[in-house]
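# A closer look at the structure
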Amino acid sequence: MSGALTDKIAIVTGASRGIGAAIATRLAAEGATVVVNYAGSEDAANAVVAAIQEAGGTAEAFQADISDPAQVKALFDHVLKAYERVDLLVNNAGIVKDTLILTMREADWQRVLDVNLSGIFHCTKAALRPMMRARAGKIVNLASISAIRGGRGQANYAAAKGGIVSFTRATALEVADRGIQVNAVLPGFIETDMTKVVQRRAGDQVLARIPAGRFGTPDDVAGIVAFLCTTDSDYVTGQAFSVDGGMSVA
Ligand code: NAP
């Protein structure tokens, strides 16, 4: 697929680490100019940008907490000023604050909803104006297997991720006739910082539930996200794609 995204301007939220970094790297390898958004990991984001540039791609890092509408506005103002358009938005940034619901603090509930769900609303709204003017655009939202399978200690995360799938469908309908596609990707258990603790504590039990017999890698997710950013997926919208080694159908 090399070169499939030449001349495209892409924003990937939460691209300093893990799945977002793999997506940013992949989109850049396909020719896109990538804005690597991050919250706090400036060095990691700069390292992703440097690796992309060393490989011959184009990228820059931009700090913004996507749960804050003012910071999201600053991100999009910057991108529109620098590049005059946004072709691709990958809403990847996400956090976990896992705990059983009886011990879940209001703040744990609210922060996960603010980042994982409201953040996608803020970024999508900001991206849709220029995309509607261009009558073209692709938005890919990172949900999770937690959207469709229960997970103990994940009521806040599951609610946000389930919300993302519903948000994806509703948004896709509103903009389908403007040449914009909106889809969701639902990763299973992918080896990143987010899953490190669970892997250490209960890795064998998780692995036993994965028919493919291995944990996923960030690149496993980046491949389908890249497809959903190319014209090969122009007739695909409002869909939710599981990338989980068969975990959700076991
Ligand atoms: P990760 O390794 O923990 O990385 C999270 C990324 O999100 C980092 O780049 C982080 O930036 C960024 N971020 C966090 N809060 C942010 C905020 N308020 N504003 C902007 N950026 C923010 O996570 P991951 O495993 O790659 O997960 C990426 C996405 O896939 C998430 O939406 C996650 O829910 C989803 N997912 C992951 C798995 C899995 O097994 N790993 C499974 C299903 C779904 P900083 O580095 O600056 O903190």
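Preceding this paragraph is the structure being described.
These notes cover the structure that comes with them. (Residues numbered from 1 in each chain as written. Predicted model: local features only at pLDDT ≥ 70, side-chain atom pairs only at ≥ 80, totals over all residues. Heavy atoms only, no water.)

### Focus on the nonpolar core
Residues I23, L27, V34, V36 and V225 are the most contacted members of the largest nonpolar core, which totals 33 residues. For this core, the elements supplying multiple residues, two or more each, are β1 (9-12), α1 (18-29), β2 (33-38), α2 (42-54), β4 (88-91), β5 (137-142) and α7 (218-229). It is α1 that provides the largest number of residues to this core, a total of seven residues. Listed in part, the 23 residues of the second largest apolar core include L89, A93, C123 and V182. (Core = buried A, V, L, I, M, F, W, Y, C linked by side-chain atoms within 4.5 Å. Buried < 20%, exposed > 50% of the residue type's maximum accessible area, 1.4 Å probe, protein only. Helix = DSSP H or I, 4+ residues; strand = E, 2+ residues; numbered from the N terminus.)

### Overview of the site of the ligand
The local shell around the ligand holds 32 residues, among which S16, G40, S41, Y157 and T192 are the closest. Between a nitrogen atom of the ligand and a side-chain N or O atom of D65, the distance comes to 2.8 Å. At 2.5 Å, a side-chain N or O of Y157 approaches an oxygen atom of the ligand. Contributions of two or more residues to the shell around the ligand are made by α1, β2, α4 (106-134) and α5 (155-175). (Near = heavy atom within 4 Å. Polar contact = N/O pair within 3.5 Å; in protein donor to acceptor, adjacent residues only side chain to side chain.)

### A closer look at the sheet that holds β4
Pairing within the open sheet is parallel, and its seven strands lie in the order β3-β2-β1-β4-β5-β6-β7. This sheet does not close on itself; its edge strands, each paired only once, are β3 (58-63) and β7 (240-243). On average, adjacent strands in this sheet sit at an angle of 20° to one another, irrespective of strand direction. Strand direction decides the pairing type here: strand β6 (residues 180-187) and β7, joined by four bridges, are parallel. Within β7, the position partnered with V185 by the bridge is F241. (Pairing = 2+ DSSP bridges. Axes fitted to C-alpha atoms, helices over the stretch in contact; angles between N-to-C directions.)

### Quick look at α2
Here α2 is 13 residues long and its end C-alpha atoms lie 18 Å apart, about the 18 Å a rise of 1.5 Å per residue gives. Buried residues of α2: A45, V48, V49 and I52, and no others. Seen along its axis, α2 keeps its buried residues to an arc of 95°; they face one direction. Summarising the geometry of α2, the exposed residues directed more than 90 degrees from the buried face are D43 and E54. (Expected span 1.5 Å × (residues − 1). Arc of directions from axis to C-beta.)

### Details of the side chain of T195
Relative to the elements of secondary structure, T195 occurs in the loop between β6 and α6 (196-208). Residue class for T195 comes out buried when judged on its relative accessible area of 12%. Once residues lying within four places of it in the same chain are set aside, the contact partners of T195 are F189 and I190. (Contact = heavy atoms within 4.5 Å.)

### Considering the pattern of salt bridges
As a working rule, side chains carrying opposite charge can pair if their charged atoms are close by. For the structure shown, the criterion picks out ten salt bridges. The partner of R17 in a salt bridge is D193, with the nearest N and O atoms 2.9 Å apart. With a gap of 176 residues between them, R17 in the loop between β1 and α1 and D193 in the loop between β6 and α6 connect regions that are remote in the sequence. Judged by relative accessible area, R17 falls into the partly exposed class, the value being 43%. Between D108 and R105 there is a salt bridge, and its shortest N-O distance comes to 2.9 Å. On the basis of relative accessible area, R105 is assigned to the exposed category, the value being 54%. Shared partners join several salt bridges into a network, and the residues in it are R17, D193 and K196. (Salt bridge = Lys/Arg side-chain N within 4 Å of Asp/Glu carboxyl O.)

### What to know about the packing of helix α3 (residues 69-83) against α4
Close contact between α3 and α4 brings their axes to 9 Å; oriented N to C, the two are set at 30°. The pairing of α3 with α4 is recorded here as roughly parallel in orientation. The handedness of the crossing between α3 and α4 is right-handed. In contact with P69, V72, F76 and L80 of α3, α4 contributes H122, C123, A126, A127 and P130. Split into classes, the residues belonging to the contact of α3 with α4 amount to eight nonpolar, one polar and no charged. (Parallel < 35°, antiparallel > 145°, perpendicular 65-115°, else oblique. Left-handed = near helix turned anticlockwise from the far one by under 90°. Nonpolar A, V, L, I, M, F, W, Y, C, P; charged D, E, K, R; others polar.)

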